[in-house]
Amino acid sequence: MSLADLSLDHWRSLDPGAAERLAREAADRVGGRLVVFDAARPAAVPLHRAVVERDGRRFALVPGGEAAVGFDLDGWSPSPGQLTSYREESLPAGFGFGADLKEHVARFLTPRRTVALPAVLMAVEPEKLLDTPAVAGELLAAEGLRPPHPDEWEHACGAGSRTLFHWGDDHPRDAEPYGDSSGPHRFPNALGLRVCFDVYESELTTDPASVYGGDGGEAVCGGYGTFLAWLPLATANHNPDTAEFVNGAEGEDMFEDVSVRPVIDLA
């Protein structure tokens, strides 16, 4: 089996010794070194975490294979707190949102789908753009890197989880994400990525229409309500208005506020 064929299911099945050997092989393949190897236990099934350092950057090993990405909106039931927030905070604010919370959320979440993905190394932290979004891919390619595909980004963020957020379906009820320094979004996800941690942090992918990780602070600054303030940090959230802004004329002048998460192929 080549490293690029490593699936998340196979990665989960390995004992720690075998997983660490594969992680060291991946590090050697790209001229890096394994600096972190442990097991994340946010859920019942532990998941190995491997972080490789190369040229001052840290990359998490993201196994691929057949993966479910996007969000199953039909199978989702909003929590009582989420419904209350939408009905008592969002709707009375007069933004013209529809009465049905699911219909509102559907505009921002990609649908559930099954994809086949290669294993890759993905940067633990996003990096601020050095130029406009239009040339971000070229700048990374000059270093032997590339932006993630939207499916890769969602898979890496969710790490096999089918919940709304990478940490679960709910969120702190008494705090908004920007002011919450100890919430679940502040911790690395199950694969060791620091992802969906700041609503002001918008990340590019290979698809200009798919910008993830935050909405530029729109919901928080706009006073949309607690649940909608957290929604930009959902794994499958790709706000179309954010993508239009980032890739439009205004975004060209504010590219320093947009990020990209470099990827190293293992093929």
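Whatever comes next refers back to the structure up there.
Described in the following lines is the structure provided in the data block. Note that the structure is a prediction, hence the values are computed from the model and not measured. (Residues numbered from 1 in each chain as written. Predicted model: local features only at pLDDT ≥ 70, side-chain atom pairs only at ≥ 80, totals over all residues. Heavy atoms only, no water.)

### Quick look at the sheet that holds strand S9 (residues 258-260)
Judged by pairing direction, the sheet is mixed, and its 3 strands sit side by side in the order S7-S9-S8 without closing on themselves. Only two strands of the sheet have a single partner each, and these edge strands are strand S7 (127-128) and strand S8 (202-204). (Pairing = 2+ DSSP bridges. Helix = DSSP H or I, 4+ residues; strand = E, 2+ residues; numbered from the N terminus.)

### Observations regarding the state of the cysteines
Under the counting rule described, the total for this entry stands at 0 disulfides. Not part of a disulfide, Cys157 finds its nearest cysteine sulfur in Cys196, a span of 3.8 Å. Its relative accessible area of 1% is what places Cys157 among the buried residues. Just so you know, Cys221 is unpaired, no disulfide at all, and the nearest cysteine sulfur is the one on Cys196, 18 Å from it. Look at Cys221 and you get exposed, because its relative accessible area is 59%. (Disulfide = S-S within 2.5 Å. Buried < 20%, exposed > 50% of the residue type's maximum accessible area, 1.4 Å probe, protein only.)

### Some points on helix H2 (residues 16-29)
Along an α-helix, residues three or four positions apart point the same way, because every turn accommodates 3.6 residues. The terminal C-alpha atoms of H2, which comprises 14 residues, lie 20 Å apart, in line with the 20 Å expected from a rise of 1.5 Å per residue. Residues Ala18, Ala19, Leu22, Ala23, Ala26 and Ala27 constitute the buried set of H2. Regarding H2, its N-cap is Asp15, as a side-chain oxygen of that residue lies 3.0 Å from the backbone nitrogen of Gly17 further along. Gly31 lies just past H2 and shows a positive phi near 75°. (Expected span 1.5 Å × (residues − 1). Polar contact = N/O pair within 3.5 Å; in protein donor to acceptor, adjacent residues only side chain to side chain.)

### Structural notes on the pairing of strand S2 (residues 47-54)
Here S2 lies mainly inside the structure; 7 of its 8 residues are buried. The turn linking S2 back onto strand S3 (residues 57-62) is made up of 2 residues, and Asp55 within it adopts a positive phi angle of 50°.

### Examining the layout of surface pockets
In this model, the largest pocket occupies a volume close to 390 Å³. Lining the largest pocket are 27 residues, with Ala67, Ala68, Gly160, Ser161 and Arg162 positioned closest to its centre. When residues in the lining of the largest pocket are grouped by element, the largest group, 5 residues, is from strand S4 (residues 65-69). (1 Å grid on protein atoms, 1.4 Å probe; cavity = no way out; pocket = protein on both sides within 12 Å on 5 of 7 lines; lining within 4 Å. Points joined across faces, edges and corners; volume = space filled by probe spheres on them.)

### A look at the environment of Asp180
Relative to the helices and strands, Asp180 is located in the loop between helix H6 (150-158) and S8. According to the relative accessible area criterion, Asp180 is buried, its value standing at 9%. C-alpha of Asp180 to C-alpha of Arg107: the two residues are 73 residues apart in sequence and 26 Å apart in space. Those residues in contact with Asp180 that sit more than four places away from it in its chain are Pro172, Ala175, His185, Arg186 and Trp230. (Contact = heavy atoms within 4.5 Å.)

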